[in-house]
Amino acid sequence: MTLRSFVLFAFALLCAVPAAAQDNTLYTVSNVHVDATGASSTEALNAAIAQGRGKAFQIVYRRLTRQADWPKQPTLDAGGLLRISRGYNIANERRSTTRYVADVTYMFNPDAVGRLLRSSQIAFSQSQARRILVIPMSPNVSHGPWSQALTAPAFRESQVPFTVLAAEDDAALAGLNFETAGWNDVAAVASKARVSEVGLAQAVYANGKMTVNIRRLGSGEQPVKTSVEVPMLQTVGTTYPAAAQAAVRAIEDLWKTRTVIDFSQRGRLTADIHIASLAQWGEIQTTLGQISNVTGVTVTAMSANYARINLGYQGGVDQLREAVGEQGLSLTNRGGQWTLARANQ
């Protein structure tokens, strides 16, 4: 293939990039229990479905936004909720002439929800977090009531999926220090768990109160720390479940801080791409088209093994890098010049 043919074909691939895909799992809420009465079975059914739709939207809203923005949830009437809905499925249905009971799965329209949140000037995330490893510490690495609290079934649907460190790995982390721990200290257990991110979850009781400390560790990244105070509930043991919920919420907020997008903020950057083959170039273009905060890609220079692109995006650069990384790409800046590549290159 001649250079001219390569360039023309590459531009054709660029034009064929699909629209950004939405992760519909974020907009689906399962097993919402509804129970309503009415003058007839039909009225009871309609009342129950409407009742559950509001509950389901609150769950979706809290999945997408930071905890600090939860009080800003838009207030919608039944018609407003219906306009952002995609449908529902029913299970475990029981009905009488005046009562309706069921477990309902609600689906919301990602584009409609996005328009609602943007018009309300609420920053939100559109991506699903990758699984992480959580290492329980109280105050040092240990498996006991604190570890058990973090493995509660209620956290299986966490916005940030996680696995709790296996007890057999405690010995390998016996000297782990929460305040000084870095990626190299946990890289071995992270590799074993097949994750690229670790959260240290430390519960500390002192002076009549419990504090939950979270330290996020990632390969090639600076550690990030946050803390939450948890009111005591009689004893340390009985407080652990509430502390575990606070820990999970804090982990979710740390992730959302990196991924929520302020759609009123826009930017552009120029990035270089090394092209090994037409297939690889096509894959990169397709992947860019699946990233929701990428608004446009323009090729400004190209040869047989190199391309320079101008990338438009919404939100900040950190959110762009996070979104690119979740799709298996790496966006790095060296000496002021951005480079885009497959993450394993």
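Here we summarise the structure given alongside this text.

### Section: the pairing of strand S11 (residues 306-314)
Of all nine residues in S11, seven are buried; the element is thus mostly enclosed. With nine bridges connecting them, strand S9 (residues 266-274) and S11 associate as antiparallel partners. Across the sheet, Arg268 pairs through a bridge with Gly312, a residue of S11. Direction of pairing for strand S10 (residues 294-303) relative to S11: antiparallel, over a ladder of eight bridges. Its bridge partner being in S11, Ala301 is matched across the sheet by Arg308. If you look at the hairpin formed by S10 and S11, you'll find two residues sitting between the two strands.

### Overview of the nonpolar core
Formed by 31 residues in total, the largest nonpolar core has its most connected members in Tyr27, Val34, Leu64, Tyr106 and Phe108. Listed by contribution, the elements that provide at least two residues to this core are strand S1 (28-37), helix H2 (41-64), strand S3 (99-108) and helix H4 (110-119). Looking at this core, the element that brings in the most residues is H2, giving nine residues. Not counting chain neighbours up to four residues away, the residues in contact with Tyr106 comprise Tyr27, Thr28, Val29, Val32, Val34, Ala48, Ile49, Gly52, Arg53, Ala56, Gly87 and Tyr88.

### What to know about the pattern of salt bridges
Following the criterion strictly, the structure yields 13 salt bridges and no others. Linking Glu179 and Lys225 is a salt bridge whose minimum nitrogen-to-oxygen distance equals 3.0 Å. Note that Glu179 is positioned in the loop between strand S5 (162-164) and helix H6 (183-193) and Lys225 in strand S8 (residues 224-230), a separation of 46 residues in sequence. Given the relative accessible area of 45%, Glu179 is considered partly exposed.

### A closer look at H2
Under the 1.5 Å per step criterion, the end-to-end length of H2 is 35 Å for 24 residues, consistent within 8% with the ideal 34 Å. Regarding H2, the residues found buried are Ala44, Leu45, Ala48, Ile49, Gly52, Arg53, Ala56, Phe57, Val60, Tyr61, Arg63 and Leu64. Contacts from the buried residues of H2 go to S1, helix H3 (78-83), strand S2 (85-95), S3, H4 and helix H7 (236-259).

### Some words on the sheet that holds strand S6 (residues 197-206)
Read across the sheet, five strands follow the order S5-S4-S6-S7-S8 without closing on themselves; strand pairing throughout is mixed. For this open sheet the edge positions go to S5 and S8, each flanked by a neighbour on one side alone. Neighbour-to-neighbour, the strand axes of this sheet turn through a mean angle of 25 degrees, independent of strand direction. Strand direction decides the pairing type here: S6 and strand S7 (residues 209-218), joined by ten bridges, are antiparallel. Counted as the bridge partner of Val204 is Thr211 from S7. Where H7 meets the sheet, its contacts fall on strand S4 (132-137), S5, S6, S7 and S8, and the angle it forms with S7 comes to roughly 35 degrees.

### Describing the environment of Tyr205
Looking at the secondary structure, you find Tyr205 in strand S6. Among the residues examined, Tyr205 registers a relative accessible area of 47% and is labelled partly exposed. Distance from Tyr205 to Val236, taken between C-alpha atoms, is 7.4 Å for residues 31 residues apart in sequence. In this view, Tyr205 contacts Met210, Met232 and Val236; residues no more than four positions away in its chain are not counted.

### A few points about the side chain of Thr287
Along the chain, the position of Thr287 falls in helix H8 (residues 278-289). Setting aside residues up to four positions removed in sequence, Thr287 forms contacts with Gln327, Leu329 and Arg342.

### Some remarks on the side chain of Gln280
Position of Gln280 among the secondary structure elements: in helix H8. Its relative accessible area of 8% is what places Gln280 among the buried residues. Within the local environment of Gln280, its side chain forms a polar contact with the backbone nitrogen of Ala276, the two atoms lying 3.0 Å apart.

### A look at the sheet that holds S2
Reading across the sheet, the three strands line up as S1-S3-S2 and stay open at both edges, with antiparallel pairing between neighbours. At either end of the open sheet lies a strand with only one pairing partner, and these are S1 and S2. When the angles between neighbouring strand axes are averaged without regard to direction, this sheet yields 25 degrees. Pairing geometry for S1 and S3, over eight bridges, is antiparallel. Across the sheet, the residue bridging to His33 is Asp103, located in S3. Docked against the sheet, H2 engages S1, S2 and S3, running at close to 145 degrees with respect to S1.

### Considerations on the packing of H7 against helix H9 (residues 317-326)
A packed helix pair is summarised by two numbers, namely the angle formed by the two axes and the spacing between the axes. In contact at an axis separation of 7 Å, H7 and H9 are set at 105 degrees when each is read in the N-to-C sense. Considered as vectors, H7 and H9 are oriented roughly perpendicular to each other. For the pair H7 and H9, the contacting residues are Trp255, Thr257, Arg258 and Thr259 in the first and Asp318, Gln319, Glu322 and Glu326 in the second. Split by residue class, the contact of H7 with H9 holds one nonpolar, three polar and four charged.

### What about the packing of aromatic side chains?
Under the definition given, this model contains four aromatic pairs. The interplanar angle of 50 degrees and the centroid separation of 6.4 Å between the aromatic rings of Phe57 and Tyr61 together place this pair among those described as tilted. Taken together, the positions of Phe57 and Tyr61, both in helix H2 and four residues apart, correspond to about one turn of that helix. Pairing Phe57 with Phe108 gives two aromatic rings, centres 6.0 Å apart and planes at 50 degrees, and the pair type is tilted. Of this pair, Phe57 sits in helix H2 while Phe108 sits in strand S3, placing them 51 residues apart in sequence. Across the pair, Phe108 and Phe57 agree in class, each one buried. Cluster of aromatic residues (ring-pair linked, three or more members): Phe57, Tyr61 and Phe108.

Analysis parameters
Residues numbered from 1 in each chain as written. Predicted model: local features only at pLDDT ≥ 70, side-chain atom pairs only at ≥ 80, totals over all residues. Heavy atoms only, no water. Buried < 20%, exposed > 50% of the residue type's maximum accessible area, 1.4 Å probe, protein only. Helix = DSSP H or I, 4+ residues; strand = E, 2+ residues; numbered from the N terminus. Pairing = 2+ DSSP bridges. Core = buried A, V, L, I, M, F, W, Y, C linked by side-chain atoms within 4.5 Å. Contact = heavy atoms within 4.5 Å. Salt bridge = Lys/Arg side-chain N within 4 Å of Asp/Glu carboxyl O. Expected span 1.5 Å × (residues − 1). Axes fitted to C-alpha atoms, helices over the stretch in contact; angles between N-to-C directions. Polar contact = N/O pair within 3.5 Å; in protein donor to acceptor, adjacent residues only side chain to side chain. Parallel < 35°, antiparallel > 145°, perpendicular 65-115°, else oblique. Nonpolar A, V, L, I, M, F, W, Y, C, P; charged D, E, K, R; others polar. Phe/Tyr/Trp six-rings, centres within 6.5 Å; stacked < 30°, edge-to-face > 60°.

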